[in-house]
Amino acid sequence: SGAGGRGAAMDAPPVSLPALIRRKRDGERLRDEEIQSFVRGVTEGSAQQGQIGAMLMAIRLRGMDAQETLALTRAMAASGRLLAWPRGWRGRLVDKHSTGGVGDKVSLALAPALAACGCKVPMISGRGLGHTGGTLDKLEAIPGFCVSQSPEQMQSILEQVGCCIVGQSEELVPADRVLYSLRDVTATVDSLPLITASILSKKAAEQISALVLDVKFGSAALYPTLESARELAQSLVAVGEELGIRTAAVLSSMDQPLGRCVGNSLEVLEALQCLEGRGPDDLRELVTVLGGLLLWQCGMAPTAEQGQERLARALDDGSALRTFQAMLGAQGVPPDTARLLCAGTPQQRRQVLGQAGTREELLAPCEGRVQGIEALPLARVLHELGAGRTRAGEAINPRVGAELLVAVGQRLREGEPWLRLHHDGGLRAEQRQALQDALLLGTGTGTTGTTGTAVSRVAETVLPRGA
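Residues numbered from 1 in each chain as written. Predicted model: local features only at pLDDT ≥ 70, side-chain atom pairs only at ≥ 80, totals over all residues. Heavy atoms only, no water.

1. Digging into the side chain of His423
The residue His423 is located in strand 11 (residues 417-423) in this model. A polar contact of 2.9 Å, which involves the side chain of His423, links it to the side chain of Glu360. A polar contact is formed between the side chain of His423 and the backbone nitrogen of Gly425, at a distance of 2.9 Å. Excluding residues within four positions of it along the chain, His423 makes contact with Ala356, Gly357, Thr358, Glu360, Leu385 and Val400. (Helix = DSSP H or I, 4+ residues; strand = E, 2+ residues; numbered from the N terminus. Polar contact = N/O pair within 3.5 Å; in protein donor to acceptor, adjacent residues only side chain to side chain. Contact = heavy atoms within 4.5 Å.)

And the structure:
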């Protein structure tokens, strides 16, 4: 529709917010301009918290169709400043979003690897809330790392380095900050249109060319089943494409932690291993699959598979690690600290990040083969020990964490260590028991060996129609 069509809509008498809430409560469709009016009320503060909560609940219960979800996403993106980039970067601006998991340090390795391949990655990340960790908290475990960067500073870092990982600034998508905090306290976090609009409004404000989404499913994910995660992935891909962003999604399992380490400092160490071409296979797989899709989407690789190979080369040849070191320097980490972290020995790296006062190993209660290690109880205990926060703004202890000493398929003898816990005291008997219960041992016999075969995390890829 042309500008005339929009102008005519704006001339229509505004519908009161209670009337809009009533219409959505009764299952009616909201028009684009009505959704814009609601978002304006949220941003400007004219909508009362009770009214916003009521609208969120009406959307949660009645849903929104694709057009309403798109209108909500656009209105939220337009509620603040849009980032602008040099014309020469067009087509190369990419980002990734994960719906959150345990031990998910993918962004720390993926952003610099993509930059090493020639992309520009203005990654706007979040903090951990509940049992899931946040990328910003992981990076803040590094002394000096500054997640607050203005759009001008972001552009300067992208010019020098190719990637930055920052927090959401006050001026970007202010409507989302209000809605996000209220979704948490109104039990509307799991609403498909609200999740879609929250994620994609921030990506639309970044003005990126291509986006890949890591949508988790499983016992420690927002969506427990593959089917429910697929529904979200399809919604995100469809709306992303309508916004003019080339969008793809990967469905990955989140029943057990990703990689071997959980906890902010420990996850930084594991991300560094991945950046050196080492580290756990499941982490490397996810980093290369997501990165390969992005390189293909923005035309820097003929196929997603070739993109995957190119990204793997950036991990193996040291270019991704050098880019990560440059990003640390550009975001406030002293040069000596960045050098020790990226080129130092494991001991030097641990000294830079600091270690918890207590490191204790949990022992296998009986003999058996490892069937799995449940991520959710592990994350909950670490959260209680100080690794996570219950409400926004709470301080966390970056040194609290756990290392898995075993892999699925491995045979354990009774009394053999399977988990190393890092904490600063206060571990209670029931927490220790919860951790022991997270180890799933089977009695199955079979060949002995240190590790089982690596099981792929990636269940399927969701591409736009016609791709």
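From this point on, the discussion continues.
2. As for the sheet that holds strand 7 (residues 358-363)
Across the sheet, 4 strands lie side by side as 6-9-11-7; this open sheet has antiparallel pairing. Strand pairing shows two members of the sheet lacking a second neighbour, strand 6 (261-262) and strand 7, which therefore form its edges. In terms of strand pairing, strand 6 meets strand 9 (residues 401-404) through 2 bridges, oriented antiparallel. Bridging from a neighbouring strand, Cys261 pairs with Glu403 of strand 9. (Pairing = 2+ DSSP bridges.)

3. Regarding the pairing of strand 5 (residues 246-253)
Counting buried positions over the 8 residues of strand 5 gives 7, a clear majority of the element. Pairing analysis gives 8 bridges linking strand 4 (residues 210-217) to strand 5, with the strands arranged parallel. Directly across from Ala210, in strand 5, lies its bridge partner Arg246. As for the winding sense of the linkage, the β-α-β connection from strand 4 through helix 11 (residues 226-242) to strand 5 is right-handed. Pairing of strand 5 with strand 13 (residues 458-462), which is carried by 4 bridges, proceeds in the antiparallel orientation. The residue of strand 13 that forms the bridge with Leu251 is Glu460. (Buried < 20%, exposed > 50% of the residue type's maximum accessible area, 1.4 Å probe, protein only. Right-handed = clockwise from strand over helix to strand, strands pointing away.)

4. Section: the domain arrangement of the protein chain
Domain parsing of the protein chain yields domain 1 (17-63), domain 2 (87-345 + 458-462) and domain 3 (356-442). Look at where the C-alpha atoms of domain 1 and domain 3 centre, and you get two points 43 Å apart. (Domains from an automatic or database assignment.)

5. Quick look at the UniProt feature "domain: Pyrimidine nucleoside phosphorylase C-terminal" (unreviewed entry) in the protein chain
Those residues carrying the UniProt feature "domain: Pyrimidine nucleoside phosphorylase C-terminal" (unreviewed entry) are residues 369-442 in this numbering. The distance separating the terminal C-alpha atoms of residues 369-442 is 5 Å; by composition the span is 31% helix and 30% strand. (UniProt positions renumbered as here; feature names shortened; annotations may be inferred.)

6. Overview of unusual backbone geometry
The residue Val173 is not glycine, and still its phi comes out positive at about 45 degrees. Along the chain, Val173 turns up in the loop between strand 3 (163-166) and helix 9 (174-185). Residue class for Val173 comes out buried when judged on its relative accessible area of 1%. For Ala187, which is not glycine, the phi torsion reads 55 degrees and is therefore positive. As for its position among the elements, Ala187 is in the loop between helix 9 and helix 10 (192-206).

7. Let's talk about the packing of helix 12 (residues 264-275) against helix 17 (residues 346-353)
Between helix 12 and helix 17, the least distance of the axes is 10 Å, while the angle of their chain directions is 145 degrees. The handedness of the crossing between helix 12 and helix 17 is right-handed. Contacts from Ser265, Val268, Leu269 and Leu272 of helix 12 reach helix 17 at Arg349, Arg350 and Leu353. Tallied by class, residues from the contact of helix 12 with helix 17 come to 4 nonpolar, 1 polar and 2 charged. (Axes fitted to C-alpha atoms, helices over the stretch in contact; angles between N-to-C directions. Left-handed = near helix turned anticlockwise from the far one by under 90°. Nonpolar A, V, L, I, M, F, W, Y, C, P; charged D, E, K, R; others polar.)

8. Observations concerning the environment of Val185
Secondary-structure assignment places Val185 in helix 9. For Val185, a relative accessible area of 65% corresponds to the exposed category. For the pair Val185 and Glu242, spaced 57 residues apart in the sequence, the C-alpha separation amounts to 30 Å.

9. Thoughts on the packing of aromatic side chains
Pairs of aromatic rings are described using the distance from one ring centre to the other and the angle between the two planes. One pass over the full model with this rule turns up 1 aromatic pair. On the basis of an interplanar angle of 25 degrees and a centroid distance of 5.9 Å, the ring pair of Trp85 and Trp89 is categorised as stacked. (Phe/Tyr/Trp six-rings, centres within 6.5 Å; stacked < 30°, edge-to-face > 60°.)

10. Considering the pairing of strand 8 (residues 368-373)
For strand 8, the buried fraction is high: 5 of the 6 residues fall into the buried class. Pairing analysis gives 2 bridges linking strand 8 to strand 10 (residues 411-412), with the strands arranged antiparallel. Pairing of Arg369 across the sheet is with Arg411, part of strand 10. As paired strands, strand 8 and strand 12 (residues 439-442) are joined by 4 bridges and run antiparallel to one another. The partner of Val370 across the bridge, within strand 12, is Leu441.

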